[in-house]
Protein chains: 2
Amino acid sequence: MSLKAISSKDAASLDKDLMEIGGWSLDQLMELAGLSVSQAVYRIHPPSSGKDVLVVCGPGNNGGDGLVAARHLAQYGYKPSIYYPKQGKNELYQRLKTQLENLSVPFVSDLAVAIKSSDFLVDAIFGFSFGGPLREPFPTIISQIETASIPVLSVDAPSSWDIESGPPEQGPGSKFMPEALISLTAPKPCVKHYTGRHFLGGRFLTKSIAEKYGLDLPQYPGIDQIVEVGVDTEGKL
Amino acid sequence: MSLKAISSKDAASLDKDLMEIGGWSLDQLMELAGLSVSQAVYRIHPPSSGKDVLVVCGPGNNGGDGLVAARHLAQYGYKPSIYYPKQGKNELYQRLKTQLENLSVPFVSDLAVAIKSSDFLVDAIFGFSFGGPLREPFPTIISQIETASIPVLSVDAPSSWDIESGPPEQGPGSKFMPEALISLTAPKPCVKHYTGRHFLGGRFLTKSIAEKYGLDLPQYPGIDQIVEVGVDTEGKL
């Protein structure tokens, strides 16, 4: 399957449209985005292959998607931990945190230790709105994730990658190639540099929104909130 | 599987706890409730068995669950129609309606005609907060659904049934026995009068909330948002 990519600017505009015209709240969109992430995790690493999943959350909506995914993973029987070094201000993030605390999901403070005791990692640090450059503590965090020996699933984009042009030429993230990627709503242009397993999530677009942004509406099977898509090495995704 | 029932009063208190202590918004809870309803519909009547599903929505949160379910059903490839004779005031309902309109889901005005052209029906009229008696236009609507020849799935409770004591002794609803029922969070006491297929949905309870209300946390399989449960004819559910 070959899917068209959406630029960072268009992805921001699409989100705005969904909320200002489409009647969506951020709570709803994030719930379905995080749910799709949790389904991708389950598809790649079912609980029988390990239950200790470390979810690394950034300060914005990508981090919020990670928090929602972690909640669903806890309900599926995983034992998620959250590393959330810089919490964003939106009150929704605080509520998502409360929901996780009520499920006894731990928030950990030492990333290196957490990586050692985890079976795999969800990178929910930065998504389509990442404009770079990385600021502390994130260069250190990206380096730790980049060199971790456990598999990584990135949400929306491999964190540290430029959304349009892909991995940085040098420094943290320049060798970051997660095992799996879940693009939300539509792939971002940087996926042309990506070579791992690729999923699409966010099953809520309408035909008119897809047309407005020149996107393909993928065929999600059954009730799935995700669909696995190929990587088109011709650069068109 | 035998599950404890939750009274109408406790179900209201539980919802309040989820929102006031648990960090949940109504948008989130309704999204997951509606999603579970859509999964039950898919389980009972996959699109290959008919795509024309009529969702009858009441003025409160049960109707909101129906609106969310209809949106997911449209994404699954069904052709839902909505009968929504009395729209509630919560702005969330207006937004859910907008989301459906953007998917070109029709809101119909003639229930009898809509029933004739539908393969099955979702009864999302009243849930655990129904206190009776039915007021117009609902006695007429319940009679039409009760005598419809298409299968019905009721959300949370068969509409018109007293949440504690079950079907009314006479009049509209007294012979109403939907093919399927999806209880949200926990069965209501009236299920002891229910004899069809029974599902549980709303996979978001925490252990502490379940303990506070003396509920069982059912074993949902895999990533499913629903689980089919038996009806315990001993009256304990």
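Residues numbered from 1 in each chain as written. Chains lettered and ligands numbered in written order. Predicted model: local features only at pLDDT ≥ 70, side-chain atom pairs only at ≥ 80, totals over all residues. Heavy atoms only, no water.

**Considering the UniProt feature "domain: YjeF N-terminal" (unreviewed entry) in chain A**
Formally: UniProt positions are given in the numbering used here, feature names are shortened, and annotations may be inferred rather than shown by experiment. Secondary structure counts use DSSP, requiring at least four H or I residues in a row for a helix and at least two E residues in a row for a strand, with both numbered from the N terminus.
The sites that carry the UniProt feature "domain: YjeF N-terminal" (unreviewed entry) are, in the present numbering, residues 11–217 of chain A. With 38% helix and 14% strand, residues 11–217 of chain A has its two end C-alpha atoms placed 15 Å apart.

**Things to note about helix α4 (residues 91–102) of chain A**
One turn of the α-helix equals 3.6 residues, which is why residues spaced by three or four share an orientation. Counted only if it meets this: The span you would expect from a helix comes to 1.5 Å times its residue count less one. Only protein chains enter the area calculation, which uses a 1.4 Å probe; residues under 20% of their type maximum are buried, those over 50% are exposed, and those in between are partly exposed. Here, residues are in contact when the closest pair of their heavy atoms is within 4.5 Å. Distance and chemistry together define a polar contact, namely a pair of N or O atoms within 3.5 Å, with one atom able to donate a hydrogen and the other to accept it when in protein, and with adjacent residues in sequence counting only for side-chain atoms on both sides.
In this model α4(A) runs 17 Å from its N-terminal to its C-terminal C-alpha over 12 residues, within 8% of the 16 Å that 1.5 Å per residue would give. The set of residues buried in α4(A) consists of A:Leu92, A:Tyr93, A:Arg95, A:Leu96, A:Lys97, A:Thr98, A:Gln99 and A:Leu100. Packing partners of the buried residues in α4(A) comprise α2 (26–44), α3 (61–76), β2 (81–83) and β3 (107–108) of chain A together with α2 (26–44) of chain B. Taking the backbone nitrogen of A:Leu92 as reference, a side-chain oxygen 2.8 Å away marks A:Asn90 as the first, capping residue of α4(A). A:Ser104 occupies a position one or two residues after α4(A) and carries a positive phi of about 60°.

**Considerations on the interface of chain A and chain B**
Filter applied, for reference: When two parts are brought into contact, each loses some accessible area as probed by a 1.4 Å sphere; the total of that loss over both is the buried area. Counted as salt bridges are all cases of a side-chain nitrogen of Lys or Arg within 4 Å of a carboxyl oxygen of Asp or Glu.
Listed per partner, the contact involves 30 residues of chain A and 30 residues of chain B. Roughly 2700 Å² is buried in total at the junction of chain A and chain B, and carbon and sulfur atoms are behind 56% of that figure. It is A:Gln28, A:Gln75 and A:Ile223 that lose the most area in chain A upon contact with chain B, and together they represent 21% of the buried surface on that side. Viewed at the interface, chain B and chain A are joined by zero salt bridges.

**Quick word on the relation of the copies chain A and chain B**
Going by this rule: Fitting of the copies onto one another was done by least squares over C-alpha atoms, counting residues only where both copies have pLDDT of at least 70.
Superposition of chain A onto chain B requires a rotation of 180° combined with a translation of 0.0 Å along the rotation axis, giving an RMSD of 0.0 Å. Taken together, the rotation and translation describe the operation of a two-fold axis. Comparing interface residues between copies, 100% of those in chain A also lie at the interface in chain B; the contact surface is shared.

**Notes on the packing of aromatic side chains**
Our working definition: Here a pair means two rings of Phe, Tyr or Trp (six-membered ring of Trp) with centres within 6.5 Å. Their orientation is stacked below 30 degrees between planes, edge-to-face above 60, and tilted elsewhere.
If you walk through the whole model with that rule in mind, you get 16 aromatic pairs over all chains. Centroid distance A:Tyr42 to A:Tyr76: 6.0 Å. Interplanar angle 85°. Geometry classified as edge-to-face. Taken together, the residues A:Tyr42 in helix α2 and A:Tyr76 in helix α3 connect sequence positions 34 residues apart. Taking 4.7 Å as the distance between ring centres and 25° as the angle between the ring planes, the aromatic pair formed by B:Phe126 and B:Phe130 counts as stacked. The exposure classification of B:Phe126 matches that of B:Phe130, with both residues buried.

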